[in-house]
Amino acid sequence: MSKQMTLDRYYGIVEEVITELGTQAELCRSLDINGEVIPGQWNLVKGSAKILADVYTTTEGLSYFCVASPVMMITASDPSKLYEKLLKLNHQMYSASFSINQGWVWLRILRECEGMDRKECRSTFDRVGWYADQYDDMLKNEFGG
């Protein structure tokens, strides 16, 4: 099976799950600056959390599935207490973790696509959405952003 056929299969799984979540998958597809669909990328909202999903292949040829949520912008001049809090929360969560990218706190799950089925895809969306919805307001209230 070609790499594109394999990716198309995972695109289909993600779109089935988005539909199960009560959203029209085709309306969640990411668009480039010209309004063209970016294959393998979706945006949706769960509770108060924005959720981004991505199915992609690395230059090494490995395919990955990532579901992530931008939780808050880092605004503190000394964010060390925020970082400590995020590390403690990481220890309590299952599969998901917080990360920092371009001045933002993200919550995400990243896994290889190989072997992923609809149930695992759904649990990834559910887990990221639940954790992001639980922690976004708490972290913003405690640390600004």
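Residues numbered from 1 in each chain as written. Predicted model: local features only at pLDDT ≥ 70, side-chain atom pairs only at ≥ 80, totals over all residues. Heavy atoms only, no water.

Enquirer: Just to check I follow, could you spell out the overall build of the protein for this structure?
Expert: Secondary structure assignment for the protein yields four helices and six strands. Reading the protein from its N end, one meets helices and strands in the order α-α-β-β-β-β-α-β-β-α. A compact globule built from 145 residues should have a C-alpha radius of gyration of about 15 Å, and the protein, at 16 Å, falls within 12% of that. Accessible surface, the protein as shown: approximately 8,500 Å² in total, 50% of it carbon and sulfur. (Helix = DSSP H or I, 4+ residues; strand = E, 2+ residues; numbered from the N terminus. Rg over C-alpha atoms; globule rule 2.2 N^0.38 Å. Areas by Shrake-Rupley, 256 points an atom, 1.4 Å probe, with all protein chains shown as cover.)

Enquirer: Sorry if this is basic, but what is going on with the environment of Cys-121 here?
Expert: Note that Cys-121 resides in helix α4 (residues 118–143). Between the C-alpha atom of Cys-121 and that of Asn-90, which follows or precedes it by 31 residues, the distance is 21 Å. Residues contacting Cys-121, with those up to four places away along its chain left out, are Ile-13, Val-14, Val-17, Phe-65 and Met-116. (Contact = heavy atoms within 4.5 Å.)

Enquirer: Where do I start with the nonpolar core in this structure?
Expert: One broad rule of soluble globular proteins: the nonpolar side chains tend to lie buried together. Membership of the largest hydrophobic core comes to 39 residues, with the highest contact counts inside it found for Val-55, Phe-65, Phe-98, Phe-125 and Leu-139. When contributions to this core are tallied by element, the ones reaching two or more residues are α1 (3–20), α2 (25–28), β2 (37–46), β3 (49–57), β4 (63–73), α3 (80–92), β6 (104–112) and α4. Apart from residues no more than four positions distant in its own chain, Leu-139 is found in contact with Val-71, Met-72, Leu-82, Lys-85, Leu-86, Leu-89, Phe-98 and Gly-144. (Core = buried A, V, L, I, M, F, W, Y, C linked by side-chain atoms within 4.5 Å. Buried < 20%, exposed > 50% of the residue type's maximum accessible area, 1.4 Å probe, protein only.)

Enquirer: What should I look at first to understand the packing of aromatic side chains in this one?
Expert: Where two aromatic rings form a pair, the distance of their centres and the angle of their planes describe that pair. Under the defined criterion, the tally for this structure stands at six aromatic pairs. Judged by centre distance (6.0 Å) and plane angle (55°), the rings of Phe-65 and Phe-125 are tilted. Residue Phe-65 is located in strand β4, and its partner Phe-125 is located in helix α4; the two are separated by 60 residues in the primary sequence. Like Phe-125, Phe-65 is buried. Each residue in the set Phe-98, Trp-130, Tyr-131 and Tyr-135 is aromatic and connected to the rest through ring pairs, giving one cluster. (Phe/Tyr/Trp six-rings, centres within 6.5 Å; stacked < 30°, edge-to-face > 60°.)

Enquirer: Explain the pattern of salt bridges here, please?
Expert: Working definition: two side chains of opposite charge can pair if their charged atoms are close together. Throughout the structure, instances matching the rule amount to seven salt bridges. Glu-15 is paired through a salt bridge with Arg-29; the nearest N and O atoms lie 2.7 Å apart. Remark: Arg-29 occurs in strand β1 (residues 29–31) and Glu-15 occurs in helix α1; sequence separation between them is 14 residues. Classification of Glu-15 as buried rests on a relative accessible area of 17%. A salt bridge links Arg-118 to Glu-20, with the nearest nitrogen and oxygen atoms 3.0 Å apart. Highlighted residues: Arg-118 in helix α4 and Glu-20 in helix α1, separated in sequence by 98 residues. Since its relative accessible area comes to 38%, Glu-20 is described here as partly exposed. What you see here is one network of salt bridges that share partners, running through Glu-20, Arg-118, Arg-122 and Asp-126. (Salt bridge = Lys/Arg side-chain N within 4 Å of Asp/Glu carboxyl O.)

Enquirer: What am I meant to see in α4 here?
Expert: Helical periodicity: at 3.6 residues per turn, an α-helix aligns residues three or four positions apart in one direction. Between its first and last C-alpha, α4 extends 36 Å over 26 residues, near the 38 Å set by a 1.5 Å rise per residue. Along its length, α4 reaches its greatest deviation from straightness, about 30°, at Tyr-135. When we look at burial in α4, the residues that qualify are Cys-121, Thr-124, Phe-125, Val-128, Gly-129, Tyr-131, Ala-132, Tyr-135, Asp-136, Leu-139 and Phe-143. Its side-chain oxygen 3.2 Å from the backbone nitrogen of Lys-119, Asp-117 forms the N-cap of α4. (Expected span 1.5 Å × (residues − 1). Bend = angle between axes of the 7 residues up to and from the residue. Polar contact = N/O pair within 3.5 Å; in protein donor to acceptor, adjacent residues only side chain to side chain.)

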